[in-house]
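Summary of structural features
Here is how the chains run, residue by residue.
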Amino acid sequence: MAKRTGAVAAINGDFFQIKDSGRTIGLAYQGGQLVESPAQRTDMFGFGLTVDKTPIIEVFGFSGKVTAGNGKSFSLSGINKPGYLIMSDVSSDAEAMNLYTPLWGKTSRGKLAGLSGVVEAVVKNGVVRQVLTDKAGVPIPADGYILKGHGQAAKFIKDNLPVGSKVSYTYTVEPMGSKLFAAVGGQALLVEAGQLPAYFTQNISGKHARTAAGISKDGKTLYLVAVEKQVSSDGTIVSAGMTQEELAGFLISLGVWRAVNLDGGGSTTLAARHLGDFGASLVNQPQAATQRKVPDAIGIFSIAPQGKLSGLSVSGPSMLLAGREGSFEVKGYDQYYNPYRVNSDNIVFSVNPEDGEFEGNILTPEESGTVNVTASLGSASGTAAVRVIGPEMLAELLVSPAKIKIEPGNFAQLSAKVKTTGGEYFDLKPEEVKWRVNDKLGEIADGRFTAAKDAVSGQIRASYQGLDTSVPVTVKPTWTELQIKPDSISEVTMDDWIEVQFPAGAVSDPAEVRLAYEAAFSDVPEGIVVLGAVSLTPAEGKEITLNNPWRLNWLYSEESLGHRPVILLYDTDRNEW
């Protein structure tokens, strides 16, 4: 909404029917025009601005009258209202007359669920064109409106508004109805005369994201407040939200004199145009993963003319490691805080000589401390503070993965980060780290370790600005080879989990087999939970004839099993387990 209308700031407004019409419950004014009348309730406050920009927070009331051409009249309950519950918990549509203009939408509401005998009169240029009972919604005339009635209101339409007859209506909104410039509905009064009210007319319990609008005692300051509630993907509470009482207390601490509660939860959204930006952007993190579509909002607009370049807004990293480059950008603004387009090629960046040096917009700081970056363009300038972390403030170098077990010839991507004495972490680029590895273990290029072709173990050494760490590496194939001897027992183990044993005399001639983990298998019998599979095959291109059986031992932990263990053998002749 803010981007579409050019607002410099905006916050979501009224409570609304999220599952039905999507329309607000309370009133809405825009540019002095009534969009939707207040609800027929005395427990819902709203926020408004008069044509002279005086802010008011009150319970807004509505009264109206429909007058037929024969002089008879009937009370009008609302304009462009969705169905809602009035104070007696009765539907606002029951026994009521409501009016709908093109500001409602393209078509009328039509037949209503739970109510029969609903009558709609289509009015164009003050003349009744159609009278419909329990029909689907019909187009609302661009130069007219639709009257919708139930019960006695429906009877009034049938008795007094035949097709071709004239009809008119009048209404008033209190307070300040004719002088209202903009308004949104809300809920309870949160702050009254700078204090907590004696009671809330409505209270939404629990900690939630919240939205509120408040005004100062002199009426010259408007407060638009959004409270976040955020939970990370791992369940960690980032922002706890507030109860209605906590929100009221917070507003009072700001100096708010009078305030109203607006729609919260997933609706809470605050946007603002940051200094130098040409459009508004999201300020808070919505309670849900994305922004919710809301029907109305309070927008703040600047009517200041475009002025001359007055200042520069400098942005860049707030923290840098000494010796590490950081890039900075600049946006311009005029004396009225309107954005001012500047040519970045003409910006001059500078720092104190002892703090580092700039090359274009790239800063390379030299020592720890706070560095003040200055950007200048003519008489306009701006600054940004950067905290520089020197080697003496580094506590630990961390490499991931912390341990490597890899097959010959395969590769593993290495990443590194450094931890400061203050508990902060900085990701490092591969080229910033000095890597050392024995040629027999493998090689490292661009942060990627490629293992040697043979089975071997060793360490990768990494260092950065005086910090060192090591990564244990085991280069090992996923198989183990066994030489079977005719005249003695031959056995092999793999990861202390699988044991294979051939008795003496198992073969007539020396033979070689390979024991490997097996992933490509299928058709396991139903009900079997696979803990692992291995294959035992002759050396490539060879065949073995066994004189007697070989033994397989599977060393399992009883704690890992919930059922009776079995070992299955695949019969390659019959293709079954």
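So, here is what we can say about the structure in this document. (Residues numbered from 1 in each chain as written. Predicted model: local features only at pLDDT ≥ 70, side-chain atom pairs only at ≥ 80, totals over all residues. Heavy atoms only, no water.)

Of the two faces of strand E6 (residues 61-68), only the one carrying Phe-62, Gly-64, Val-66 and Ala-68 is buried; Gly-61, Ser-63, Lys-65 and Thr-67 on the other face are not. Note: E6 against strand E13 (residues 167-174), 8 bridges, orientation antiparallel. Directly across from Gly-64, in E13, lies its bridge partner Tyr-171. Where E6 and strand E7 (residues 73-76) come together, 4 bridges link them in antiparallel fashion. Bridge assignment links Thr-67 to a residue of E7, and that residue is Ser-73. (Buried < 20%, exposed > 50% of the residue type's maximum accessible area, 1.4 Å probe, protein only. Helix = DSSP H or I, 4+ residues; strand = E, 2+ residues; numbered from the N terminus. Pairing = 2+ DSSP bridges.)

For the rest of this paragraph, the subject is the sheet that holds E13. Across the sheet, which stays open at both edges, the 3 strands sit in the order E7-E6-E13 with antiparallel pairing between neighbours. Of all strands in the sheet, those with a lone pairing partner are E7 and E13, marking the two edges. Ignoring which end each strand starts from, the neighbouring axes of this sheet average 20 degrees apart. Helix H2 (residues 152-160) contacts E6 and E7 of the sheet and is inclined by roughly 145 degrees relative to E7. (Axes fitted to C-alpha atoms, helices over the stretch in contact; angles between N-to-C directions. Contact = heavy atoms within 4.5 Å.)

Strand order in the open sheet formed by 3 strands is E36-E41-E40, with antiparallel pairing between adjacent strands. Looking along the sheet, the strands with just one partner apiece sit at the ends: strand E36 (411-413) and strand E40 (442-445). On average, each strand axis in the sheet is tilted by 20 degrees relative to the strand beside it, whichever way the strands run. Bridge analysis of E40 against strand E41 (residues 448-451) gives 4 bridges, and the strand direction is antiparallel. Looking across to E41, one finds that Ala-445 is bridged to Arg-448.

Here we take up the packing of aromatic side chains. Inspection of the entire model under this criterion finds 12 aromatic pairs. On the numbers, 5.1 Å between centres and 75 degrees between planes, the contact of Tyr-100 with Trp-104 is edge-to-face. By way of ring pairs, the aromatic residues Phe-62, Tyr-145, Tyr-169 and Tyr-171 are connected into one cluster. Across the ring face of Tyr-84, the terminal group of Lys-81 is positioned such that the distance to the ring centre comes to 5.3 Å. (Phe/Tyr/Trp six-rings, centres within 6.5 Å; stacked < 30°, edge-to-face > 60°. Lys NZ or Arg CZ within 6 Å of the ring centre and 35° of its normal.)

Counting through the fold element by element, Pro-365 comes out in strand E31 (residues 362-365). Along the chain, Pro-365 and Glu-396 lie 31 residues apart, while their C-alpha atoms are 21 Å from each other.

A word on H2. Every buried residue belonging to H2 is among Ala-153, Ala-154, Phe-156, Ile-157 and Asn-160, and all of these are buried. Taken around the axis of H2, the buried residues stretch over an arc of 160 degrees, which confines them to a single face. Tucked inside the fold, the buried residues of H2 contact E6, E7, strand E9 (97-100), strand E10 (119-124), strand E11 (127-133) and strand E12 (144-149). (Arc of directions from axis to C-beta.)

If you look at soluble globular proteins, the nonpolar side chains tend to sit buried side by side. Core analysis: the largest hydrophobic core is formed by 28 residues, its most contacted members being Met-97, Leu-147, Leu-161 and Val-167. Elements with a minimum of two residues in this core: E6, E7, E9, E10, E12, H2, E13 and strand E14 (180-185). Per-element tally for this core: the top contributor is H2, with 4 residues. Ignoring sequence-local partners within four residues, the contact set of Leu-147 consists of Val-66, Met-97, Asn-98, Leu-99, Val-119, Glu-120, Ala-121, Val-123, Ile-157, Leu-161 and Val-167. Residues Leu-397, Ile-406, Ala-412 and Ala-416 belong to the second largest nonpolar core, which totals 25 residues. (Core = buried A, V, L, I, M, F, W, Y, C linked by side-chain atoms within 4.5 Å.)

Here we take up the environment of His-274. Of note, His-274 is situated in the loop between strand E21 (270-272) and strand E22 (281-282). A relative accessible area of 40% means that His-274 is categorised as partly exposed. When the C-alpha positions of His-274 and Lys-220 are compared, they lie 22 Å apart, and in sequence the two are 54 residues distant. In contact with His-274, not counting residues within four places along its chain, are Ser-281 and Val-283.

A separate point is empty space enclosed by the protein. Following the criterion strictly, the structure yields 2 cavities of 30 Å³ or more and no others. Of the pockets and cavities examined, the largest cavity occupies roughly 90 Å³. In this structure, the largest cavity is lined by 13 residues; those nearest its centre are Gly-26, Pro-38, Ala-39, Met-44 and Phe-60. Here the second largest cavity defines a volume of roughly 40 Å³. The wall of the second largest cavity is formed by Asp-93, Ala-96, Asn-98, Leu-112, Val-118, Lys-148, Gly-149 and His-150. Across the lining of the second largest cavity, the residue classes break down as 3 nonpolar, 3 polar and 2 charged. (1 Å grid on protein atoms, 1.4 Å probe; cavity = no way out; pocket = protein on both sides within 12 Å on 5 of 7 lines; lining within 4 Å. Points joined across faces, edges and corners; volume = space filled by probe spheres on them. Nonpolar A, V, L, I, M, F, W, Y, C, P; charged D, E, K, R; others polar.)

By secondary structure assignment, the location of Thr-50 is in strand E4 (residues 46-50). Given the relative accessible area of 2%, Thr-50 is considered buried. Separated by 3.0 Å, the side chain of Thr-50 and the backbone nitrogen of Thr-54 make a polar contact. Sequence-distant contacts of Thr-50, that is, excluding residues within four places in its chain, are made with Met-176, Lys-179, Leu-180 and Phe-181. (Polar contact = N/O pair within 3.5 Å; in protein donor to acceptor, adjacent residues only side chain to side chain.)

With that settled, the discussion passes to the layout of surface pockets. If a probe as big as a water molecule is rolled over the atoms, it shows which places are left empty. Here the largest pocket defines a volume of roughly 1,400 Å³. Around the largest pocket sit 43 residues that line it, and Trp-554, Ile-567, Leu-568, Leu-569 and Trp-577 are the ones nearest its centre. Those elements that provide at least two residues to the lining of the largest pocket are strand E47 (511-517), strand E48 (534-538) and strand E49 (551-554). Broken down by element, the residue count for the lining of the largest pocket peaks at 5 residues, all from E48. Across the lining of the largest pocket, the residue classes tally to 29 nonpolar, 10 polar and 4 charged. Within this model, the second largest pocket holds a volume of roughly 1,000 Å³.

All right, on to a nonpolar patch on the surface then. Together, Ile-528, Val-530, Val-566, Leu-568, Tyr-570 and Trp-577 make up an exposed nonpolar region whose accessible area comes to about 460 Å². Within the element layout of this structure, Ile-528 appears in the loop between E47 and E48. Residue class for Ile-528 comes out partly exposed when judged on its relative accessible area of 34%. (Patch = residues over 30% accessible without salt bridge, like charges linked within 9 Å, V, L, I, M, F, W, Y side chains within 5 Å. Areas by Shrake-Rupley, 256 points an atom, 1.4 Å probe, with all protein chains shown as cover. Salt bridge = Lys/Arg side-chain N within 4 Å of Asp/Glu carboxyl O.)

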